[in-house]
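In case you want the letters, here they are:
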Amino acid sequence: MQKITPFLWYSQQAEEAGRLYASIFPDSRINRVVSMPAESPSGPAGSVKVVDFVLFGQPFTAMSAAGGDTFNHAVSFVVNCENQEELDRYWDALLADGGSTEACGWLKDRFGVSWQITPTELVAMMNDKDPARGKRVAEAMMKMIKLDIAQLRAAYDGKA
């Protein structure tokens, strides 16, 4: 068992969220869905579900139960993408059926969870030994909704 596992509390639809995420990312699956067999502050026996799932080999646990706080930007999941095709695929899949776009490669899925869909090379470009290159990349990124790797590279190279 993993020593630290992210735990997500959904007011409802934890199982649906886990199934969506497992369908999007490789090396992902639902391991277990357990209905709480006893009454709880969140409802009668069977109304609370705990879902264990894996995304990219990383274990997660989610719970559907009344009384949880809504998700916000204080916690997000970063998906590092090797190319634009991968970035586009995850972006589109997480937005499907009711997600919303935000600035700088951020989005919220239909369950309200925040994701950052970002190229693996972004931080290295912004941390270049030439501060002007990093600044150009950061400034280009700040104007984007979905990140465009070609435009970020053009800014990095001073061709934007």
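Whatever comes next refers back to the structure up there.
Cut-off values and rules
- Residues numbered from 1 in each chain as written.
- Predicted model: local features only at pLDDT ≥ 70, side-chain atom pairs only at ≥ 80, totals over all residues.
- Heavy atoms only, no water.
- Pairing = 2+ DSSP bridges.
- Helix = DSSP H or I, 4+ residues; strand = E, 2+ residues; numbered from the N terminus.
- Contact = heavy atoms within 4.5 Å.
- Axes fitted to C-alpha atoms, helices over the stretch in contact; angles between N-to-C directions.
- Left-handed = near helix turned anticlockwise from the far one by under 90°.
- Nonpolar A, V, L, I, M, F, W, Y, C, P; charged D, E, K, R; others polar.

Caption draft 1: Looking closely at the sheet that holds strand 6 (residues 100-101). Sheet architecture is open: four strands sit in the order 5-8-7-6, paired in mixed fashion. Every interior strand has two partners, whereas the edge strands, strand 5 (76-81) and strand 6, have only one. Examined bridge by bridge, strand 7 (residues 106-108) and strand 8 (residues 114-119) share three bridges and lie antiparallel to one another. Across the sheet, the residue bridging to lysine 108 is serine 114, located in strand 8. Each of strand 5, strand 6, strand 7 and strand 8 touches helix 2 (residues 84-95); the most contacted strand, strand 8, lies at about 165 degrees to it.

Caption draft 2: Looking closely at the packing of helix 4 (residues 131-142) against helix 5 (residues 149-156). The contact between helix 4 and helix 5 brings their axes to 8 Å, and the two run at 145 degrees. Once helix 4 is placed against helix 5, the crossing between them reads as right-handed. Facing helix 4, whose interface residues are Arg133, Arg136, Val137, Ala140 and Met141, helix 5 presents Leu152, Ala155 and Tyr156. By residue class, the composition of the contact of helix 4 with helix 5 is six nonpolar, no polar and two charged.

Function cannot be inferred from these measures alone, as they are strictly geometric.
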